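Read off the chains here:
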Amino acid sequence: MKSEKAANRVMKSIVRFIEEKLGLIVNAEKSKISHPKDLKFLGFGYYYDFSNKRYQVKPHLISVQKFQRKLRQLTKRNWSVPLDYRILKLKQVILGWVNYFRICNMKKVTQRIDEKLRSRIRVIIWKQWKVPRKQIKSLVQLGIPEEEAKGLTFCRKGYRYIGLSKVVQRAISNKRLKQRGVPSALERYLKVHTVI
């Protein structure tokens with residue numbers, strides 16, 4: 001719309017059509033004129049794609065934040081459940097969320113979500129190893145030199161550091177996590193996005 005006045009005119013005509021022709025009631029509190037970038041509808045947001053010169057849909061920031069909170073709940077370190085059960089629940093949540101927003105452009109969003117998820121899963125696995133001896137032995141079995149494994153084990157850094165450390169990323173690689181069954185939001189998105 002070129003002006004707010006024109007937008008108001010269109011709004012009135014649409015409301016009139018919905019109420020008079022379709023016999024439905026328009027909720028005045030929820031119906032408003034706003035810029036597409038400010039809209040949130042059924043979890044979706046909008047952005048302007050300069051290459052295509054039109055607005056495209058994306059998961060609204062609030063929807064992404066809710067999704068991330070759910071993943072954080074499922075990857076809490078103090079939740080004493082088997083890893084297989086966590087992976088099952090993660091698959092269900094990721095599958096449902098990605099399928100719902102599959103029409104969106106969200107490659108970068110799913111990449112960031114995957115990175116955070118893998119980091120948290122690595123911490124869970126590290127915590128399952130429990131004692132230093134087991135941690136060192138496990139790292140060595142996964143191809144880390146013993147001295148490097150000892151250096152990480154006795155570094156006295158927090159879990160966040162452990163999850164993001166290059167040593168743990170090499171030992172518990174993305175490939176190994178995939179083989180273990182850890183789901184990828186990006187892979188699921190690319191799979192469903194190509195069939196639309």
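Each value, and the rule that gives it
All residue numbers refer to positions counted from 1 along the written sequence of the respective chain. The model is predicted, so local features are restricted to residues of pLDDT at least 70 and side-chain atom pairs to those at 80 or more, both for listing and for counting; the totals for chains, interfaces and linings are taken over all residues. Processing note: side-chain calculations cover all non-hydrogen atoms of the structure and skip hydrogens and water entirely. Secondary structure elements are taken from DSSP: a helix is a run of H or I of four residues or more, a strand is a run of E of two residues or more, and numbering for both begins at the N terminus. Classification of residues uses two cut-offs on accessible area relative to the type maximum, computed with a 1.4 Å probe and protein chains only: under 20% is buried, over 50% is exposed, and between them is partly exposed. In what follows, a contact means two residues having at least one pair of non-hydrogen atoms within 4.5 Å. Arc, as used here, means the arc of the directions from the helix axis to the C-beta atoms. Axis definition: a line fitted to C-alpha atoms, limited for helices to the stretch in contact. Angles are taken between N-to-C directions and run from 0 to 180 degrees. Roughly parallel covers angles under 35 degrees, roughly antiparallel covers those over 145, roughly perpendicular covers 65 to 115, and oblique covers all other angles. Working rule for handedness: look at the near helix, and if it is turned counterclockwise from the far one by less than a right angle, call the crossing left-handed; if clockwise, right-handed. Three categories are distinguished: nonpolar for Ala, Val, Leu, Ile, Met, Phe, Trp, Tyr, Cys and Pro, charged for Asp, Glu, Lys and Arg, and polar for the others, with Gly belonging to the last. The term salt bridge refers to a side-chain nitrogen of Lys or Arg lying within 4 Å of a carboxyl oxygen of Asp or Glu.

A. Structural view of the overall build of the protein chain. The helix and strand inventory of the protein chain stands at ten helices and two strands. When the helices and strands of the protein chain are read in sequence order from the N terminus, they spell out α-β-β-α-α-α-α-α-α-α-α-α. The burial tally for the protein chain puts 34% of its 196 residues in the buried class. Considering only residue pairs separated by 6 or more positions, the protein chain has 55% of its internal contacts joining residues 24 or more positions apart.

B. Fine view of helix α6 (residues 146-153). Taken together, the buried positions of α6 are Ala 149, Leu 152 and Thr 153. The buried residues of α6 occupy an angular sector of 100° when the element is viewed end-on, so they sit on one face. Against α4 (107-129), α5 (132-141), α7 (159-164) and α8 (166-171) lie the buried residues of α6.

C. Up close: the packing of helix α2 (residues 61-74) against α4. With their axes 11 Å apart at the nearest point, α2 and α4 run at an angle of 20° to one another. As far as their axial angle goes, α4 and α2 are roughly parallel. As α2 runs across α4, the sense of the crossing is right-handed. Two secondary-structure elements touch here, α2 through Val 64, Phe 67, Gln 68, Leu 71 and Arg 72 and α4 through Val 109, Ile 113, Lys 116 and Arg 120. Across the contact of α2 with α4, the residue classes break down as five nonpolar, one polar and three charged.

D. Region of interest: the pattern of salt bridges. By the definition in use, this model includes five salt bridges. Note that Arg 118 is salt-bridged to Asp 114, the shortest N-O span being 3.9 Å. Of this pair, Arg 118 and Asp 114 both sit in helix α4, four residues apart, which is roughly one turn of the helix. The class of Asp 114 is buried, set by a relative accessible area of 3%. Note that Lys 150 and Glu 146 form a salt bridge whose closest N and O atoms lie 3.3 Å from each other. Taken as a pair, Lys 150 and Glu 146 lie in helix α6 at a separation of four residues, close to a single helical turn. Taking the relative accessible area as the measure of exposure, Lys 150 reaches 30% and is therefore partly exposed.

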